[in-house]
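Residues per chain are reported as follows:
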Amino acid sequence: MTTEIYLDGNATSPVLPAAIAAATCAMGQRYGNPSSSHAAGLSAKALLDQARQCARRLLGVGEGRLMFNSGATEGIQTAVLSALVALRERREQGEAIGSLLVYGATEHKAVPESLAHWNRLLGLNLTLHKLPVTAQGTHDLDALRACAGEAALVCTMAANNETGVISDIAGIQRVLEQTGCKAYWMVDCVQALGKLALNLAATRIDYAPFSGHKLYAPKGIGMLYVRAGAPFTPLIVGGGQESAQRSGTENMAGIAALGTVLAALERGDTFRSHAELEDYRARLADALRAALPGIVFNNPFENSLPTTLNFSVPGLASRELMDVFDAAQVRVSSGSACSAAKAAPSYVLDAMQLPLWRSAGAIRMSFGPLTDAAMIDDACRRIARCGAALRTGCLIPSERHGAAHDGLLQMGVEGACSWLVLDAASRSCVLIDPLPDHTARIEAFVRCQNYRVQAILNTTAGQQNGELIEALGRHAASRVPADAYGWPALPDSVTLAQVQSVPALKLGERTLACVVDGAQRHYLLGQAAQGQLAAAAVRFAFSNKQCAAALQGLTGAATLLCPSRDEQNQFCAATTAAAAVCCDSLQLDHAGLSQLLGAHPDALLIDVREDYEYAASATVLPVAGKVQSVPLSRLTEHAADWLTAADSTLVFICRSGNRSLKAAQCMRRLGHQHSYSLTGGLALAALAQAA
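So, here's what we can say about the structure. These numbers come from a predicted model, not from an experiment.

The next thing to look at is the overall build of the protein. Scanning the protein from N- to C-terminus turns up 20 helices and 29 strands. Dimensions of the protein, computed from C-alpha atoms along their principal axes, come out at roughly 95 × 60 × 45 Å. Buried positions account for 55% of the 691 residues belonging to the protein.

Read across the open sheet, the 8 strands follow the order 21-17-18-19-20-22-23-24; overall the sheet is mixed. Both outer strands of the open sheet, strand 21 (532-533) and strand 24 (573-574), are each paired with one neighbouring strand and no more. Relative to strand 18 (residues 499-507), strand 17 (residues 492-496) is paired through 4 bridges, and the arrangement is antiparallel. Following the sheet pairing, V494 is matched in strand 18 by V502.

Glancing now at the nonpolar core. Grouped together as the largest cluster of nonpolar side chains are 58 residues, with contacts concentrated most on L59, F68, W185, F210, M223, V261 and L262. For V261, the contacting residues outside a window of four places in its chain are L16, A19, L215, Y216, A217 and F271. If you look at the next biggest cluster of nonpolar residues, it comprises 42 residues, including C417, C572, L635 and L650.

Take the pairing of strand 19 (residues 510-517) next. Most of strand 19 sits out of view: 6 of its 8 residues are buried. The sheet contact formed by strand 18 and strand 19 spans 4 bridges and is antiparallel. In the strand pairing of strand 19, A504 is matched with A513. In this antiparallel pair of consecutive strands, strand 18 and strand 19, the connection spans 2 residues, and G508 shows a positive phi of 65°. For strand 19 and strand 20 (residues 520-526), the ladder comprises 7 bridges, and the chain directions are antiparallel. The residue of strand 20 that forms the bridge with C514 is Y523.

Among the structural elements, T460 can be located in the loop between strand 16 (452-457) and helix 14 (466-472). Leaving out residues up to four positions away in the same chain, T460 has contacts with Y485, A519, Q520 and N544. Among the polar contacts made by the side chain of T460, one reaches the side chain of Q463 at a distance of 2.9 Å.

Here the focus is the state of the cysteines. One pass over the structure, following the stated rule, counts 1 disulfide. C394 shares a disulfide with C448; S-S distance 2.2 Å. Since a negative S-S torsion denotes a left-handed disulfide, the C394-C448 link at about -60° is left-handed. Here the residue C394 occupies a position in the loop between helix 12 (373-392) and strand 13 (407-413), and C448 occupies one in helix 13 (residues 439-449), the gap between them amounting to 54 residues. Each of the two residues, C394 as well as C448, counts as buried. With no disulfide of its own, C386 has C380 as its nearest cysteine by sulfur position, at a separation of 12 Å.

What counts, and where the lines are drawn
- Residues numbered from 1 in each chain as written.
- Predicted model: local features only at pLDDT ≥ 70, side-chain atom pairs only at ≥ 80, totals over all residues.
- Heavy atoms only, no water.
- Helix = DSSP H or I, 4+ residues; strand = E, 2+ residues; numbered from the N terminus.
- Buried < 20%, exposed > 50% of the residue type's maximum accessible area, 1.4 Å probe, protein only.
- Pairing = 2+ DSSP bridges.
- Core = buried A, V, L, I, M, F, W, Y, C linked by side-chain atoms within 4.5 Å.
- Contact = heavy atoms within 4.5 Å.
- Polar contact = N/O pair within 3.5 Å; in protein donor to acceptor, adjacent residues only side chain to side chain.
- Disulfide = S-S within 2.5 Å.

Structure representation (C-alpha cells):
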C-alpha cells in the first residue's frame, strides 16, 4: 500500500509519537485525579502543573490566566461569554459600552456564530459588524479605525486557517490605542501555535484560544489565555477545577500529550525552522506551477505562514482537484475542514474579493513543522503525476491529443447537464444543450481529443451558443446555416416509426434524428437500417425533461431518456415506470462485498471515478475481482449495455462511496436489481484490508 502524503495540516495533524507515549503514560501509570490529595493524585497534579508552566513560558503569559479546555471552539465561547457578560454589567451600571461586535470577515465561523449566540441569549442586542479585509487578506485597518469608537468587542485572528495570511496584530493594536477604543479584544491563535513567536502579556490582547490538534497533540485538548485584569466568566461550572475557571475533571491524557508538544517547541530540537519550511513551500509551489498550467496562488507568500499554500486552476473545480490528489494519496483540502463538504465558494477568498472561479475552485495545501524533505520530494513527484493525469483526461491543456472515446459524455452542474455524443472513428461529435458553465470544459475536451463538432443542438429555442462556437474555433463545423435550435440546414433524413421522414445527422454508424414537439425538440440516437430508425433501435432520447409520453411509439422499451434537466442526479431514466429503490439493500461494507464476490465470482466491479483519478491512482484497488473503469460521466452509455444482462451482478466503487451510490441507485431505478455500492468507497476498503 502506498504511503499517503498528508498535506492538510491546517485541518488537523497526526499526533507526535512522544505525545502518544505521554498520553499512554498518563492513562496507564499516572492515572490519578489531579484534584486528589493522595500520591496518585499528586503525581497527576505535578504533570498538570508542568504542562501549564511550559505553556506559560512559551506563550509569554506573564500574570495572565492560562487554563486547559477542550479546544479552540470552547475557548472562543468562553472568551465571548466573558466579554459580553462584562459588557452587560457595565451597561446596567450606566456606562457607555459601544454598539458593535466587530469580527474579521475571514474569521473562523466559530467566532461570528458565538457572537450571535451569546448576544441573543444575554439580551444585549448589539450589532454584529463584519470588518473587511484587503485583497491580501489582512484586516482593513482604515475600516477598523472608522468603527473603533463604537466597538464593544473586537475579534481577529493571528493567522488565517484557509490562506495562512498573517494578521498585522501590532497594527490592530495601534489603531485600538490611537482611537482610545475600550473594546475587549480576542485573537484566535489556533494557527499561530508553533509557527509564530508569541508574547501575549506584551500585547493588549484580552483573550487568545488555542487548539492542540493543529500541532501534533490529540483532538479534544486546548488552552485559553486571559489577560490579567480582563473580565472572566466560566463557561462550565461545577467542581471548581482549573482554579474554578473551567470545571470538570481535567483531560490528563490530552494535557500530557499537549505538554510534550509544548516542551518540544520550547527546546527547539524537534520542529523545522522557519527557513526550512519556506523552502518546502517554494518547492511545492514550483511543482504545482509545472504540473498545473495557469495556476494562481491566492495567498501572498511574503505575508503568510510558510506551511500554507492556497491556489486555484482555471477551468478546474476544487472537487476535481481534490479527487485527483486523493487518487494519488495526496491529502489536501478545498478550504476550511469545517465547511469542505459544502459545495460553496470560500467565504475567506470572497472576502478578499477574488474572482468567483478562484474562490469556488480553491485548494488548500498545508503541512506541519514536522514535515521533512523526503516527504516534500515524494509530494512533488505525485503532484507531477496528478498534472499528467489531468492532461490525459483533457482537463488541462496538453500538446498531445488524448485517446478518442465513443458514446455519451454527461457534464452536470446544479441540476442541469450538457450532453456530448461522440464517435471515435470519425473524430466527430454533437453537443446537446451545452451549458455556458461548461464552455471551457467542452472546448478543452474537444480540442484535446481533436474532435470536429458537427452541430450544437438545443431542445428549446433561443439558447445562445455564440461563445462556445467562438471557443471551439477550427473544431466547429463550417458555419452551415441552422435553425433556432441549432439544427443545420440540408441534413439527411430518416424514417421513424409512425413518422414518414424526419431530419437526421450521421454520426459514424449511428443516426441522430430530430423530432419536433411543438416548441420542444427531441433527439433520438440509434442505429438506422436502410434509412429507417426503428423504435427498438433507439438507444437514447435527449430532451429538456423526461418525456416518455411525448415519445411513445417512437422509442422502445430499452431506450434511455437523457434529460438536460437532472435535479435529482438520476443521470437517465427508462421509458417505463422507475423501480423503487431501497438504499439499505444496495450498500455493501467490505465484509459484505467479500461475501457477495464469494457467491458471485463473475460479478463486475465498476470503478466510477473519472479517468484522471484512475490515471493518478497510487494504489492497487483493495478489492478482489474483475474491475472495469467507467467514469460516472459515462454511466448512461454503459447502463444501456448492462441492462441487456439483467441477471449480472454489478458493484460500483469510488473514492468515498457517494458517486458509487448514485450509480447503483440509477441502475436500480432502471430495473437492474443486482446493482450495489461499496459503502465508504476505496478509503474504507483500504482500511478494512489493512486491518
